[in-house]
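Chain by chain, the residues:
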Amino acid sequence: PHCCTACGSNVLPAANGICTHCLQQLPRTGFLQQRDNPVARVFWGRLHLEQAAALVWFQQHSAVQHLMHGIKYGGRKDAACQLGRWMGGQLLNSTWLRQIDGLLPVPLHASRLAARGYNQAACLCEGIAQVCGLPLILSAVQRQFATSTQTRQHRKARWNNMKQVFAVQNEGLLCNRHLLLVDDVITTGASLDALGQQLRLLPGVRLSVCCFAYTAPH
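Our subject in this report is the structure included herewith. Please read all numbers here as calculations on a predicted model, not as lab measurements.

## Considerations on helix 3 (residues 63-73)
Logical step 1: Listed in full, the buried residues belonging to helix 3 are Val 64, Gln 65, Leu 67, Met 68, Gly 70 and Ile 71.
Logical step 2: Its buried side turned inward, helix 3 meets strand 1 (52-57), helix 4 (77-91), helix 5 (110-116), helix 6 (120-132), strand 5 (178-186) and strand 6 (206-214).
Logical step 3: Directly beyond the C-terminal end of helix 3, a positive phi value near 70° is found at Gly 75.

Right, dumping it as structure tokens:
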């Protein structure tokens with residue numbers, strides 16, 4: 001049966017991946033209304049951002065973890081797109097969304113994209129775009145090589161793992177724009193920093209970050 005990615009309930013529309021109850025119970029961070037929030041601090045002294053936020057807290061053995069696992073490893077593209085629409089609804093309430101010119105998901109390497117069948121960050125962007133009406137930029141940046149999984153790596157190893165991973169393919173889609181970088185979960189920010197460092201080399205680029213979930217450091 002078609003079930004909720006978070007709780008397993010089969011009481012949900014066929015087009016959805018998350019039931020209404022789980023969506024309403026997501027542990028919101030409130031970071032959209034806090035300029036100097038913990039996600040923004042991740043990048044202090046490394047990457048200049050206009051805004052940075054994650055919308056929910058990630059905890060082990062939680063509904064959010066079930067969602068992330070289903071989206072990354074369970075083929076639940078429906079849940080990723082639905083979460084994107086939910087994120088778009090939250091962003092509509094922010095004071096800075098009107099400054100954004102385009103949505104840029106953190107790219108997957110071609111091998112991982114082929115294995116998973118979709119980029120979950122791109123699915124989030126698709127949902128956000130449907131709600132907010134912002135352009136979606138998918139082909140301007142490429143992930144040059146696949147990095148080893150970072151789930152169990154320490155902070156320094158994660159940063160070293162991401163050096164020179166991303167390459168800009170189409171500057172014309174990016175220059176002189178305020179880009180919102182989107183990913184599913186942020187821990188150390190290594191992937192977003194590596195992507196942002198490449199984008200900041202382009203003329204007129206301004207950057208903000210929005211992720212679905214945030215993992216607080218232990």
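On we go from here.
## Observations concerning the packing of aromatic side chains
Logical step 1: Per the stated rule, a full pass over the model turns up four aromatic pairs.
Logical step 2: Plain terms: the ring middles of Phe 31 and Trp 57 are 5.3 Å apart, the flat faces sit at 75° to each other, and that makes the pair edge-to-face. You can see Phe 31 sitting in the loop between helix 1 (20-24) and helix 2 (38-42) and its partner Trp 57 sitting in strand 1, a full 26 residues away along the chain.
Logical step 3: Residue class for Phe 31 comes out buried when judged on its relative accessible area of 4%.
Logical step 4: Ring geometry for Phe 31 against Tyr 214: centres 6.0 Å apart, planes inclined by 65°, an arrangement best described as edge-to-face. With Phe 31 in the loop between helix 1 and helix 2 and Tyr 214 in strand 6, this pair connects stretches of sequence that are 183 residues apart. You'll find Phe 31 and Tyr 214 in the same group, each marked buried.
Logical step 5: Put simply, the rings of Phe 31, Trp 57 and Tyr 214 pair up and form one aromatic cluster.

## As for unusual backbone geometry
Logical step 1: The backbone of His 61 sits at a positive phi, close to 60°, despite the residue not being glycine.
Logical step 2: With respect to the helices and strands, the residue His 61 is situated in the loop between strand 1 and helix 3.
Logical step 3: The phi dihedral of Asn 176 falls on the positive side, at around 60°, and the residue is not glycine.
Logical step 4: Tracing the backbone shows Asn 176 in the loop between strand 4 (166-168) and strand 5.
Logical step 5: The exposure class of Asn 176 is exposed, given its relative accessible area of 59%.

## Considerations on the nonpolar core
As a rule of thumb, soluble globular proteins bury nonpolar side chains together.
Logical step 1: Counting residues in each nonpolar core, the largest one holds 74 residues, and the members touching the most others are Leu 26, Leu 83, Met 87, Leu 91, Leu 174, Leu 199 and Phe 212.
Logical step 2: Dropping the residues within four chain positions of it, Leu 91 is found in contact with Leu 32, Trp 96, Leu 97, Ile 128, Cys 132, Leu 180 and Cys 210.

## Thoughts on the sheet that holds strand 5
Logical step 1: With parallel pairing, the four strands of this open sheet are ordered in space as 1-6-5-2. Of all strands in the sheet, those with a lone pairing partner are strand 1 and strand 2 (102-105), marking the two edges. The sheet shows a mean angle of 20° between the axes of neighbouring strands, direction not considered.
Logical step 2: Packed onto the sheet, helix 4 meets strand 1, strand 5 and strand 6 and runs at close to 120° relative to strand 6.

## Remarks on helix 4
Logical step 1: For helix 4, built from 15 residues, the straight-helix expectation of 21 Å at 1.5 Å per residue is met to within 8% by its first-to-last C-alpha distance of 21 Å.
Logical step 2: Most of helix 4 sits inside the fold, with 11 of its 15 residues counted as buried.
Logical step 3: Along helix 4, the positions that sit buried rather than exposed are Ala 79, Ala 80, Cys 81, Gln 82, Leu 83, Gly 84, Trp 86, Met 87, Gly 88, Gln 90 and Leu 91.
Logical step 4: In this structure, the buried residues of helix 4 make contact with helix 1, strand 1, helix 3, helix 6, strand 5 and strand 6.

## Details of the pattern of salt bridges
A side chain with one charge may pair with a side chain of the opposite charge, provided their charged atoms come close.
Logical step 1: By the definition in use, this model includes four salt bridges.
Logical step 2: In this structure, Asp 193 engages Arg 46 in a salt bridge whose closest nitrogen and oxygen atoms are separated by 3.9 Å. Pair noted here: Asp 193 is in helix 8 (residues 190-199) and Arg 46 is in the loop between helix 2 and strand 1, with a separation of 147 residues, a long-range link.
Logical step 3: Take Arg 46: its relative accessible area is 46%, and that puts it in the partly exposed class.
Logical step 4: Between Lys 72 and Asp 184 there is a salt bridge whose closest N-O contact spans 3.6 Å. Here Asp 184 lies in strand 5 and Lys 72 lies in helix 3, a separation of 112 residues in the sequence.

Cut-offs and rules
- Numbering of residues starts from 1 in every chain and runs along the sequence as written.
- Reporting in this predicted model follows two pLDDT cut-offs: at least 70 for local features of residues, and 80 or more for side-chain atom pairs to be given and counted; totals over whole chains, interfaces and linings ignore these cut-offs and use all residues.
- The basis for every side-chain value is the complete set of heavy atoms in the structure, and neither hydrogens nor water enter the calculation.
- Using a 1.4 Å probe on the protein chains alone, a residue whose accessible area is under 20% of its type maximum counts as buried, one over 50% counts as exposed, and one in between counts as partly exposed.
- In this description a helix means any DSSP run of H or I spanning at least four residues, a strand means any run of E spanning at least two, and both kinds are numbered starting from the N terminus.
- By definition in these notes, contact holds between two residues if any of their heavy atoms fall within 4.5 Å.
- For this analysis, a ring pair means two rings from Phe, Tyr or Trp (six-membered ring only for Trp) whose centres lie within 6.5 Å, classed as stacked if their planes differ by under 30 degrees, edge-to-face if by over 60, and tilted for the remaining angles.
- Each nonpolar core is a collection of buried residues, namely Ala, Val, Leu, Ile, Met, Phe, Trp, Tyr and Cys, held together in the definition by side-chain atoms within 4.5 Å.
- What makes two strands pair is DSSP finding at least two bridges between them.
- Only the stretch in contact is used when a helix axis is fitted, and all axes are lines through C-alpha atoms; the angle between N-to-C directions ranges over 0 to 180 degrees.
- To estimate the expected span of a helix, count its residues, drop one, and scale the result by 1.5 Å.
- Salt bridge criterion: a side-chain nitrogen from Lys or Arg within 4 Å of a carboxyl oxygen from Asp or Glu.

Don't take any of this as a statement about function, it's just geometry.
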